[in-house]
Structures are given as C-alpha cells and as structure tokens.
Amino acid sequence: MKIAILSRNPKLYSTRRLVEAGKAKGHDMIVVDHLKCTIELEKRSPKIYYNGAYLEDIDAVIPRIGASVTFYGTAVVRQFEMMKVFTVVESQALVRSRDKLRSLQILARAGVGLPKTVFTNYAKDIDHVIDSVGGAPLVLKLLEGTQGLGVVLAETHNAATSVIEAFNGLKARVIVQKFIKESGGADIRVFVVDGVVVGAMKRQGKEGEFRSNLHRGGSASIIELTDEEETTAIKAAKAMSLGVAGVDMLQSSTGPLVLEVNSSPGLEGIEAATNKDIAREVIRYIERNV
Ligand code: ADP
C-alpha cells in the first residue's frame, strides 16, 4: 500500500514512527506537507498538486494536523476523501475535535461524563456562572488554547470574578469549569484506535502545577485502566467519530470525566510510557480498511 502521512515535519517523533511502522509492514510510506498541497477542484475530478506533480495512487492518509493549521489541513484531508482515499481521521471529525465547546456538547449528548462546564456570551451575571460550577476554585479555559496554555485555576471567588471580567473585556471566549480537585494535578491519556484502547498513561503535573500537560513539565507513567475508564474512552472516541483518538480524562470521585478528545495525538509520550508500538496499531487499522 502507499500511505501518506500529512505532516509538516518528517523529523517529528510521531511522523518518524509512523513511517517506520509502515515500512516494517512492507508499505510505501511518504510524508506530505499539507500546507504545500494545492487543491484543484473541477466537476468530479478532485486533484492535489504537490512538489511539482499530482499525488496519485495513494491508498490511505494519516493526518497529523497542527491546531494552528486546522483550516487548510482539513481542506486537504477533505480533498483526499473526495479522491476516495481512506483517512484514519475524517475531515469532519477533525474540525469538530478542534472546537472545544462543540466537542463538549457532542460528548455530553453521548452521555460521556465531563466536569460541569458553563459558557456564556460574555454574560454580566458572573456570580451565577461561578455558582453553577460549584463556586471557586474553578478552572477557566480559553477556547483557543492548546497544550495547557490558556488554562487558569482561579482559587477564590474574587479571583474568578476578576479574571472572567478581564477575559470578557478582551472579548476572549472562555469556558468555565468545575475544578476537579481530587484528580491531584494528574490526568489520563487513553489512546484509542478503531474503537479499541491500545495504550494508556497517567500524566502528573510538576510540583505545585494543576496542569498535567507534558509540554508544561508533567511526567508520564503507564496505568491500568478501570473498566469504566476504558468504556468512557471508547465512547468518547466514538461520539467524536475519530478512528484515532487521544482521550484525556480526570479521575474524579464520581468516575472518569473527559476533558477533551485529541484528533492528532502524539506518539512519543504514550510509546515511552507504555513501551508499546502504537504506530503499528495505526498501520493495522489502515490495513483492515483499505
Ligand atoms: P489543553 O487542551 O490546553 O491541554 P486541558 O483542558 O486538557 O487543556 O487542560 C490542561 C490540564 O489542566 C489537564 O491536562 C488537567 O491536568 C488540568 N485540568 C483541566 N481541566 C481541569 C479541571 N476541570 N479540573 C482539574 N484539572 C483540570
């Protein structure tokens, strides 16, 4: 098979590992920079021009689209779909997963547990917003943030009020969320491929940090999931229609609560923590479908 990885940088760990895993199974692997793809549209004849030639005979694509280039990246994925190329992450699912609020709405509708979340159109009644998530401390998240940037813990009612007012004044959209204290600065990343959990790790934030993102200095270790955690992760990936998903959740006193579902989850942390060949699972998923 000829498999294209849509990635801006062939040197990135995840990209390298996918190339390696595909080659190990005898496939022809190429890395395509989606930002250098030209989309050509005409009645019933979608084409992609790349590096001086048209991309042809590609059987499957693995999108690794960064959050900052979601618009163009998904347009390229959609073009591959129009060319009848299998994609491990569909363009629609990719777009949905990049919208934090929409994702939480989809997950809530599907019956997936989440920390209570409130979103307003810069409402003036801030006391009500704070009360509806159980009061301070509470968590504020910029709608546009990634990798833990733009996630703020407001410790007191006064702090929460002034931070919400400041964001409102800047016309920055934020979601307000109940702070899940008992998760203790840790979260769980569950890697789901084709409706099956292929790896899971626990990430612990550094001392004094409530955010467990590895980019913020957190550390990862392997974890055995409870049945409920496993079911929740699978349900979340399914609700988001993602063939490959990184489901992030908190362990709370009322069971697992999903924070977000990532559509281009990195392989480095999870392969290191679990010592598993997760890239091979992605290639196997393609083999079953093409
Ligand atoms: P990002 O998408 O920027 O990583 P997240 O919503 O995943 O943002 O939040 C970053 C980290 O902050 C999470 O991994 C978790 O450790 C912590 N966190 C987020 N929301 C909550 C919450 N409601 N209660 C407790 N901790 C949280």
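The structure this text deals with has already been given above.
Note that this is a predicted model, so its numbers are computed, not measured.

Participant: Outline the overall build of the chain, supporting the account with residue identities and numerical values.
Facilitator: If you tally the helices and strands in the chain, you get nine helices and 16 strands. Computed over the C-alpha atoms, the radius of gyration of the chain is 20 Å, within 12% of the 19 Å expected from 2.2 N^0.38 for a compact globule of 290 residues. For the C-alpha atoms alone, the extent of the chain along its principal axes is close to 60 × 40 × 30 Å. Counting only residues that meet the buried cut, the chain has 49% of its 290 residues in that class. In the chain, of all internal contacts separated by at least 6 residues, the share reaching a separation of at least 24 is 66%. With the model as given, the accessible surface of the chain reaches about 14100 Å², and the carbon-plus-sulfur share is 49%. Counting 38 positive and 34 negative side-chain charges, the chain places the centres of these two groups 4 Å from one another.

Participant: I'd like a rundown of the packing of aromatic side chains, residues and numbers included.
Facilitator: Inspection of the entire model under this criterion finds three aromatic pairs. Taking 5.6 Å as the distance between ring centres and 80° as the angle between the ring planes, the aromatic pair formed by Phe 86 and Tyr 285 counts as edge-to-face. Of the two residues, Phe 86 sits in strand β7 (residues 86-87) while Tyr 285 sits in helix α9 (residues 278-289), which places them 199 residues apart along the sequence. Neither Phe 86 nor Tyr 285 differs from the other in exposure class; each is buried. Their ring planes at 80° and their centres at 6.1 Å tell us that Phe 179 and Phe 210 sit as a pair that is edge-to-face. Residue Phe 179 is found in the loop between β11 (174-178) and β12 (186-193), and its partner Phe 210 is found in the loop between β13 (196-204) and β14 (219-222); the two are separated by 31 residues along the sequence.

Participant: Give me the lowdown on the site of the ligand, citing residues and values where you can.
Facilitator: Taken together, 19 residues are adjacent to the ligand, and Lys 141, Gly 148, Ser 212, Asn 213 and Glu 260 come closest. Between the ligand and Ile 180, the relevant distance is 2.9 Å, taken from a nitrogen atom to a main-chain nitrogen or oxygen of the residue. Between an oxygen atom of the ligand and a side-chain N or O atom of Glu 260, the distance comes to 2.6 Å. Across the complex, the protein chains shield 97% of the 550 Å² of accessible surface that the ligand would expose by itself. Broken down by secondary-structure element, the contributors of at least two residues to the shell around the ligand are β9 (138-142), β11 and β16 (255-262). Along the lines of polarity and charge, the residues of the shell around the ligand split into seven nonpolar, six polar and six charged.

Participant: Describe the nonpolar core, listing the residues and the values that go with them.
Facilitator: Ile 62, Phe 80, Val 88, Val 190, Val 247 and Val 261 are the most contacted members of the largest nonpolar core, which totals 62 residues. When we break this core down by domain, the ones giving at least three residues each are domain 1 (2-96) and domain 3 (182-289). Beyond its immediate sequence surroundings of up to four residues, Val 88 is in contact with Val 61, Ile 62, Pro 63, Gly 243, Val 244, Val 282, Tyr 285 and Ile 286. Of all hydrophobic cores here, the second largest spans 14 residues; its members include Val 129, Val 133, Leu 138 and Ala 172.

Participant: For the packing of helix α1 (residues 13-24) against α9, give the residues involved together with the corresponding values.
Facilitator: The geometry of α1 relative to α9 is characterised by a closest axis approach of 8 Å and an angle of 60° between their N-to-C directions. Our classification of the angle between α1 and α9 gives oblique. Crossing of α1 against α9: the hand is right-handed. Along the contact surface, α1 presents Arg 17, Leu 18, Ala 21 and Gly 22, while α9 presents Ala 279, Arg 280, Val 282 and Ile 283. Looking at the contact of α1 with α9 residue by residue, the classes come out as five nonpolar, one polar and two charged.

Calculation criteria
Residues numbered from 1 in each chain as written. Predicted model: local features only at pLDDT ≥ 70, side-chain atom pairs only at ≥ 80, totals over all residues. Heavy atoms only, no water. Helix = DSSP H or I, 4+ residues; strand = E, 2+ residues; numbered from the N terminus. Rg over C-alpha atoms; globule rule 2.2 N^0.38 Å. Buried < 20%, exposed > 50% of the residue type's maximum accessible area, 1.4 Å probe, protein only. Contact = heavy atoms within 4.5 Å. Areas by Shrake-Rupley, 256 points an atom, 1.4 Å probe, with all protein chains shown as cover. Lys, Arg positive; Asp, Glu negative; His and termini not counted. Charge placed at Lys NZ, Arg CZ, Asp CG, Glu CD. Phe/Tyr/Trp six-rings, centres within 6.5 Å; stacked < 30°, edge-to-face > 60°. Near = heavy atom within 4 Å. Polar contact = N/O pair within 3.5 Å; in protein donor to acceptor, adjacent residues only side chain to side chain. Nonpolar A, V, L, I, M, F, W, Y, C, P; charged D, E, K, R; others polar. Core = buried A, V, L, I, M, F, W, Y, C linked by side-chain atoms within 4.5 Å. Domains from an automatic or database assignment. Axes fitted to C-alpha atoms, helices over the stretch in contact; angles between N-to-C directions. Parallel < 35°, antiparallel > 145°, perpendicular 65-115°, else oblique. Left-handed = near helix turned anticlockwise from the far one by under 90°.

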